[in-house]
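Descriptive structure summary
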Amino acid sequence: MFRITKNGASVGMTEAPTYIKQHSNGSFVLCPEPEASGIAFAGSVYHLLGREPLEGAESVMLEEVDAGTEITRANETNGIVFVTLAESGGIDATTAAEHADLFAEWAYPIKYKEGQIRRYGGALYKCVQEHTSQADWTPDSASSLWAGTSDPAEEWPAWSQPVGAHDAYSAGAKVSHNEKHWISDQDGNVWEPGVYGWTEAVDGA
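These lines cover the structure that appears in this document, whether it is placed above or below. Treat the numbers as computed from the prediction; the structure is a model and nothing was measured. (Residues numbered from 1 in each chain as written. Predicted model: local features only at pLDDT ≥ 70, side-chain atom pairs only at ≥ 80, totals over all residues. Heavy atoms only, no water.)

Examining the environment of Ala158
For Ala158, the location among the structural elements is in the loop between strand 12 (146-148) and strand 13 (174-177). Placed 18 residues apart in sequence, Ala158 and Ser176 show a C-alpha to C-alpha distance of 4.8 Å. The residues touching Ala158, leaving out its near neighbours within four places in the chain, are Tyr169 and Ser176. (Helix = DSSP H or I, 4+ residues; strand = E, 2+ residues; numbered from the N terminus. Contact = heavy atoms within 4.5 Å.)

Structural data, given as structure tokens:
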């Protein structure tokens, strides 16, 4: 595998470079690597640094790299971009949960910032208050510090007592509580189902 770079920036990757040289009539022709002045890549002609000049062609460097390492690096970069988008709200919670393996496992003692998402017990949790984690402040028990994100496989997750606006239920939210299914009637719902703000779902709802 070869990486093509121009001024330090990657132009692309190729398994087999197409080597070219300039004919006396000005046209470009294919040739063996030792005779080459440049390469053709993605419909463009590039001059190879250190070789005979090619008129009108931008100069690039050609570096042989390990294909496995490059694929791993690309996957890691894509994972970082995905996590960043999820934490900024650019990716919905359901999609994030479908790719939970891309998120780091919760650990301690770590200083977490509001908005960061971590994996714990196979589920994803979003930090709602900046703090330094402790062994007994696990995301599933420290509701003032972490809020669970939605699980696409669970239509009626168990109701959990909200502790603030960050984890209050929105209108239309579905939960199970006391062996019944409930649907929230309002946004910012912090009430217990059966007490106020919820409608019991009938069969087929």
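Some thoughts on the environment of Trp106
Mapped onto the fold, Trp106 is located in the loop between helix 2 (93-98) and strand 8 (111-112). On the accessibility criterion, Trp106 (9% relative accessible area) is buried. If near-sequence neighbours (up to four positions away) are discounted, Trp106 is found in contact with Tyr112, Arg118, Arg119, Tyr120, Ser133, Gln134, Ala135, Trp137, Thr138, Pro139 and Trp146. (Buried < 20%, exposed > 50% of the residue type's maximum accessible area, 1.4 Å probe, protein only.)

Some points on the sheet that holds strand 9 (residues 117-120)
Through backbone hydrogen bonds, the strands of a sheet pair up, either in parallel or in antiparallel fashion. Overall, antiparallel pairing links the three strands, which are arranged 9-10-12 in an open sheet. If you trace the sheet from one side to the other, it starts and ends with strand 9 and strand 12, each paired once. For this sheet, the mean angle separating the axes of adjacent strands, direction not counted, is 40°. Bridging between strand 10 (residues 123-127) and strand 12 involves three bridges; their strand directions are antiparallel. Looking across to strand 12, one finds that Lys126 is bridged to Ala147. (Pairing = 2+ DSSP bridges. Axes fitted to C-alpha atoms, helices over the stretch in contact; angles between N-to-C directions.)

As for the sheet that holds strand 14 (residues 180-184)
If you trace the three strands from one edge of the open sheet to the other, you get 13-14-15, paired in antiparallel fashion. Across the chains shown, the open sheet's two edge strands, defined by having one partner strand only, are strand 13 and strand 15 (198-200). Neighbour-to-neighbour, the strand axes of this sheet turn through a mean angle of 35°, independent of strand direction. Examined bridge by bridge, strand 14 and strand 15 share three bridges and lie antiparallel to one another. Note on strand 15: the bridge partner recorded for Ser184 is Trp198.

Section: unusual backbone geometry
The omega angle of the peptide bond from Tyr108 to Pro109 is -10°, so this bond is cis rather than trans. Looking at the secondary structure, you find Pro109 in the loop between helix 2 and strand 8. Here Asn7, not a glycine, exhibits a phi torsion of approximately 55°, which is positive. The phi angle at Glu179 is positive, at roughly 65°, despite the residue not being glycine. Looking at where Glu179 falls in the secondary structure, it is placed in the loop between strand 13 and strand 14. Assessed through its relative accessible area of 86%, Glu179 is described here as exposed.

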